[in-house]
Amino acid sequence: MEITFHGAAQTVTGSQHLLGVNGHKILLDCGLYQGKRQEAIFRNSHFMFEPNKLHALVLSHAHIDHSGNIPSLVKKGFRGPIYATHATVDLCDYLLRDSGGIQENDAEFLNRRAAKRGEPQNFEPLYTEEDAKKALQYFTDRSYDEPFEVAPGVIATFYEAGHILGSASVVLEVEDKGRKFRLAFSGDIGRFNLPILRDPVLLRDIDYVIMESTYGTKNHRPPEEAQAEFAALVKETIARRGKIIIPSFAVGRAQELVYELSRLIGAKQIPPIPVYVDSPLADRAATVFWAHVGLFDEEARTLALENHADEVFGFSSLKYIRSVEESKALNDEKGPLIIISASGMCESGRIRHHLANNIGNPRNTVLIVSWQAPDTLGRQIADRRPEVRIFGETYKLKAQVATINGYSGHAGRDLLVQWATVLKPRVKKVFLVHGEPESLTALAAALKEQGIEDVRAPELHETVEI
Ligand SMILES: [Zn+2]
């Protein structure tokens, strides 16, 4: 068997690993590569293998850096099944169409800019919403914990990864020329005690493993502390009669925040303050969550069953904003109130309007609840720059800025080490992917310290034989 690491090698983005077994090619994940524009265009529009020769794709979870290049794969001729859990299929339905729309808008923007500069307008979207719809028909859902055949001699099983709804680690039982072994692909490993989600399953009896390494150097604060910090910040801002603006990813984090607020209000830790979720995608993602209550952890499932099926975790002061008019009307609302809006790093979407309207007022709070990439508007605000630019204009940042890091959906260093150490009695080789070089080096050293000898981080497009 061969494994070639075509993405998320020495970096965190563009997850894509190609397996060759028994004359069949199987792809694990097909994520969008996000980075410098020219490189991203090249990487996302060129596959290092022939998509029409691929037998099947196995997808770990719905995040765009794992699923976002599937429409390109289908556009270039892939016609095989795309295996994923039910919830991942449902989330991809919204995420990939949304991503197609973003690709179209980006190309339009670049062409408009080129026109202004008198340059040729030859930018084309990587894929369109229509391409995404075509790709979605190849999705084939599978349940957790139930083995299924991916190709002759290859049986796969999804296990809960506890990272976002539907997220899975994949175990492949391979029979290759009379030799049998078990290969695991961790996907993104989540955390224990995250809101809504079940805890990650620790895999056992694995021979070879492809493992994520996002946080090889650091641990996060526990989710319980994040909840207490959240409650305190809400109370402080209410006392100032201010507004709380929360940039959030529309899928996953937005639903977790609504759930946290529902718990806090239910437990009377905060008063029933008006909460507006201003993101059409978050609104649609919420319906996917409610369709998969069976995947919630016990506390969330109990809460869900106590409520009416169509308003799980809803509370009377929660409102989803749909139209642009309703979104604009929020400017006239007096605080205290909470606005949760996308995108998570403030690079696009309605959040930019809410920031422009609210960051000049010291009574307000901007609450950062997820990692902000360098150079994004979200990072500039998290770094408390005195001035930021939004829509080409300069705004003074006078609002309070608070960061809560306890909601991260990624395992911290200690859990990564624990996850791998459980495999120690049997594991022969560990391939570290989905981490920046510093993190890969640190995690490799930590695993060797635990007595796991053969640990390495493959280079991009490197092939290994097992
Ligand atoms: Zn992920």
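See the structure shown above.
Residues numbered from 1 in each chain as written. Predicted model: local features only at pLDDT ≥ 70, side-chain atom pairs only at ≥ 80, totals over all residues. Heavy atoms only, no water.

Peer 1: Explain the overall build of the protein chain here, please?
Peer 2: Each helix and strand counted, the protein chain has 14 helices and 22 strands in total. Expected size for 466 residues packed as a compact globule is a radius of gyration near 23 Å; at 22 Å, the protein chain falls within 12% of this value. On the principal axes, the C-alpha backbone points of the protein chain span a range of 70 × 60 × 40 Å. A total of 466 residues make up the protein chain; the buried ones form 58% of that total. Nonlocal contacts in the protein chain, meaning residues at least 24 apart in sequence, comprise 75% of its contacts between residues at least 6 apart. Split by element, the accessible area of the protein chain, about 19,900 Å² in all, is 48% carbon and sulfur. (Helix = DSSP H or I, 4+ residues; strand = E, 2+ residues; numbered from the N terminus. Rg over C-alpha atoms; globule rule 2.2 N^0.38 Å. Buried < 20%, exposed > 50% of the residue type's maximum accessible area, 1.4 Å probe, protein only. Contact = heavy atoms within 4.5 Å. Areas by Shrake-Rupley, 256 points an atom, 1.4 Å probe, with all protein chains shown as cover.)

Peer 1: What is the right way to look at the coordination of the zinc ion in this model?
Peer 2: All of the protein donors around the zinc ion are His61 (NE2), His63 (ND1), His163 (NE2) and Asp188 (OD); their distances to the metal are 2.2 to 2.4 Å. Relative to the metal, the four donor atoms surrounding the zinc ion lie at angles of 89 to 169°, and the coordination shape comes out irregular. Donor residues for the zinc ion sit on one chain with the sequence pattern H-x1-H-x99-H-x24-D. Of the two residues, His61 is situated in the loop between β4 (56–58) and α2 (64–67) and Asp188 in the loop between β10 (179–185) and β11 (208–212); the sequence distance between them amounts to 127 residues. (Donors = N, O, S within 2.8 Å, 3.2 Å for Na, K, Ca; no water. Tetrahedral: all angles 85-135°; square planar, octahedral: opposite > 155°, others 65-115°.)

Peer 1: Looking at this model, I keep getting lost on the side chain of Arg263. Mind explaining?
Peer 2: Topologically, Arg263 is positioned in helix α7 (residues 253–266). For Arg263, a relative accessible area of 18% gives the class buried. When residues no more than four places from it in sequence are discounted, the contact partners of Arg263 are Pro195, Gln227, Glu299 and Leu303.

Peer 1: For this particular structure, what's the right way to read unusual backbone geometry?
Peer 2: With glycine set apart, most residues show a phi of negative sign, and most peptide bonds adopt trans. The peptide bond linking Gly335 to Pro336 adopts the cis configuration, its omega dihedral lying at 0°. Of the consecutive residues Ala342 and Ser343, the connecting peptide bond is found in the cis state with omega at 10°. You will see that Gln10, though not glycine, has its phi angle at about 65°, which is positive. Tracing the sequence through the fold places Gln10 in the loop between β1 (2–7) and β2 (16–21).

Peer 1: Would you take a moment to explain the packing of aromatic side chains for this structure?
Peer 2: By convention here, two paired aromatic rings are described through the distance between centres and the angle between planes. Following the criterion strictly, the structure yields seven aromatic pairs and no others. Considering the side-chain rings of Phe5 and Phe431, the 5.6 Å spacing of their centres and the 45° angle between planes classify their relative orientation as tilted. A residue pair is termed long-range when its members are at least 10 positions apart, and Phe5 in strand β1 and Phe431 in strand β20 (residues 429–433) qualify at 426 residues. Judged by its relative accessible area of 1%, Phe431 falls in the buried class. Aromatic side chains Phe289 and Trp290 sit 6.4 Å apart centroid to centroid with 80° between the ring planes, which places their arrangement in the edge-to-face category. By relative accessible area, Phe289 is classed as buried at 2%. Grouping aromatic residues by their ring pairs yields a cluster made of Tyr83, Phe148 and Phe158. Across from the ring centre of Phe148, 5.5 Å away, lies the NZ or CZ of Arg142, which sits over that ring. (Phe/Tyr/Trp six-rings, centres within 6.5 Å; stacked < 30°, edge-to-face > 60°. Lys NZ or Arg CZ within 6 Å of the ring centre and 35° of its normal.)

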